[in-house]
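Commentary on secondary and tertiary structure
Now for the letters of each chain:
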Amino acid sequence: MIEDIELETLINVVYEYYGFDFGSYSKASLKRRVNRLYHLDGFHHFHEFLAKVRSDAEYYKRMVEEITVNVTEMFRDPLFYATLRKEILPQLGTKPFIRIWHAGCATGEEVYSMAILLKEANLLHKSLIYATDINDLVLNTAKKGVFPLRAMQQYSENYLASEGKEDFSIYYSANYGIAKFNEELSEKMVFSQHNLVSDSSFNEFDLILCRNVLIYFDNDLQERALKLFDDSLPKLGYLVLGTKETIKYSELQSKYKQFGKEKIWRKIK
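Residues numbered from 1 in each chain as written. Predicted model: local features only at pLDDT ≥ 70, side-chain atom pairs only at ≥ 80, totals over all residues. Heavy atoms only, no water.

Quick notes on the pattern of salt bridges
- With the rule as written, the count across this model stands at 15 salt bridges.
- Asp4 is the salt-bridge partner of Lys31, the closest N and O atoms lying 2.7 Å from each other. Of this pair, Lys31 sits in helix α2 (residues 27-40) while Asp4 sits in helix α1 (residues 4-18), and the two are 27 residues apart along the sequence.
- Owing to a relative accessible area of 51%, Asp4 belongs among the exposed residues under this scheme.
- With a shortest N-O distance of 3.4 Å, Glu66 and Arg62 are connected by a salt bridge. Remark: Arg62 and Glu66 occur in helix α4 (residues 57-68); sequence separation between them is four residues, near one turn of the helix.
- When its relative accessible area of 22% is taken as the criterion, Glu66 is described as partly exposed. (Salt bridge = Lys/Arg side-chain N within 4 Å of Asp/Glu carboxyl O. Helix = DSSP H or I, 4+ residues; strand = E, 2+ residues; numbered from the N terminus. Buried < 20%, exposed > 50% of the residue type's maximum accessible area, 1.4 Å probe, protein only.)

Thoughts on the sheet that holds strand β4 (residues 172-175)
- Taken in spatial order, the three strands make up an open sheet running β3-β5-β4, and their pairing is antiparallel. Both outer strands of the open sheet, β3 (146-148) and β4, are each paired with one neighbouring strand and no more. For this sheet the average axis-to-axis angle between neighbouring strands, irrespective of direction, equals 30°.
- Bridge count between β4 and strand β5 (residues 178-181): four bridges; the pairing is antiparallel. Considered in β5, the bridge of Ser173 is made with Lys180. (Pairing = 2+ DSSP bridges. Axes fitted to C-alpha atoms, helices over the stretch in contact; angles between N-to-C directions.)

Topic: helix α5 (residues 78-92)
- Between its first and last C-alpha atoms α5 spans 20 Å; for 15 residues at 1.5 Å apiece the expected length is 21 Å, and the two agree.
- Considering bend angle alone, the principal kink of α5 is centred on Leu84 and spans about 35°.
- When α5 is considered as a whole, its buried residues turn out to be Phe80, Tyr81, Ala82, Thr83, Leu84, Arg85, Ile88, Leu89 and Leu92.
- Contacts made by the buried residues of α5 are with β1 (98-103), α6 (109-120), α8 (152-161), β7 (207-210), β8 (238-241) and β10 (264-267). (Expected span 1.5 Å × (residues − 1). Bend = angle between axes of the 7 residues up to and from the residue. Contact = heavy atoms within 4.5 Å.)

Some thoughts on the state of the cysteines
- Taken as a whole, this structure holds zero disulfides when the rule is applied.
- With no disulfide of its own, Cys105 lies 10 Å from the sulfur of Cys210, the closest cysteine sulfur. (Disulfide = S-S within 2.5 Å.)

A few points about the side chain of Asn158
- As for its placement among the helices and strands, Asn158 is situated in helix α8.
- With relative accessibility at 7%, the residue Asn158 sits in the buried group.
- Once you skip the residues sitting within four places of it in the chain, Asn158 turns out to touch Glu73, Met74, Phe75, Arg76 and Pro78.

Thoughts on the sheet that holds β7
- Spatial strand order, β6-β2-β1-β7-β8-β10-β9: seven strands in an open sheet with mixed pairing. Of all strands in the sheet, those bounded by a partner on one side alone are β6 (189-193) and β9 (256-258). Between one strand and the next, the sheet's axes are offset by a mean angle of 20°, whatever the strand orientation.
- Sheet topology places β8 next to β10; three bridges connect them, and they run antiparallel.

A word on unusual backbone geometry
- Of note, the phi angle at Glu163 is positive, near 75°, even though the residue is not glycine.
- Inspection of the secondary structure puts Glu163 in the loop between α8 and β4.
- Unlike most non-glycine residues, Tyr176 shows phi in positive territory, near 50°.
- With relative accessibility at 81%, the residue Tyr176 sits in the exposed group.

Focus on the pairing of β5
- Residue alternation in β5 divides its side chains into a buried set, Ala179 and Phe181, and an unburied set, Ile178 and Lys180.
- Pairing of β3 with β5 involves three bridges; the strand directions are antiparallel. Bridged to Val146 within β5 is Lys180.
- The antiparallel hairpin formed by β4 and β5 contains two residues in its connecting segment, where Tyr176 sits at a positive phi of about 50°.

What to know about the packing of aromatic side chains
- In total, this model carries 29 aromatic pairs according to the counting rule given.
- Judged by centre distance (5.7 Å) and plane angle (80°), the rings of Tyr112 and Phe147 are edge-to-face. Remark: Phe147 occurs in strand β3 and Tyr112 occurs in helix α6; sequence separation between them is 35 residues.
- By relative accessible area, Phe147 is classed as buried at 3%. (Phe/Tyr/Trp six-rings, centres within 6.5 Å; stacked < 30°, edge-to-face > 60°.)

Written out as structure tokens, the structure reads:
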């Protein structure tokens, strides 16, 4: 097990050598993930691990990928997607063009879920989905739109529970144990690397989704990320967070109104 002082040393070394600041990540979560990698790669002494991170840029990249990857699935929390489908998209549909940002998109399952919702609402043709993540490896996976075929049964069940009416298999072609999603969906997506810790706002969006990313940040960094989202939302834009996340204790709270029971807020000021 890595000690707290060793974790601090690692944070400082990574910042000094690579300019990446893990200092604002939740310490408990960061420690758990570093410990997992430490044991996975067979280290017995912390100084060996630290030396590897410091001297081997490829290994440093592996460490960042392991620490920042978020597990996700299509149409996760179907009731949330049903709310998007019935309540939010009809509102966005009144606009001439719709811009959506998935921040921390991981391997892209939620991005493809959104594209399917937009297609079924006949809004995909006038939409653009920006999908960003700090982790280049998962972004490359997301761009390909290729997922394990074995996951499709669960995704299909989620889709139907979100009040989807089609046969889910019309959205992908199956081959050799993989499902490749239709290019009609991916051509409305822009994937790029973006760091919520250090990068600034890059556009104005009608809907921003950042689900189950802020739970890994400490309070200051959560506030910084929420400010970034606020800067990227016009009045009456929507912000979506994960099930364990909230803006209730944020300085921005008074500018937003929660939409029902879901973790969806509308900017009112």
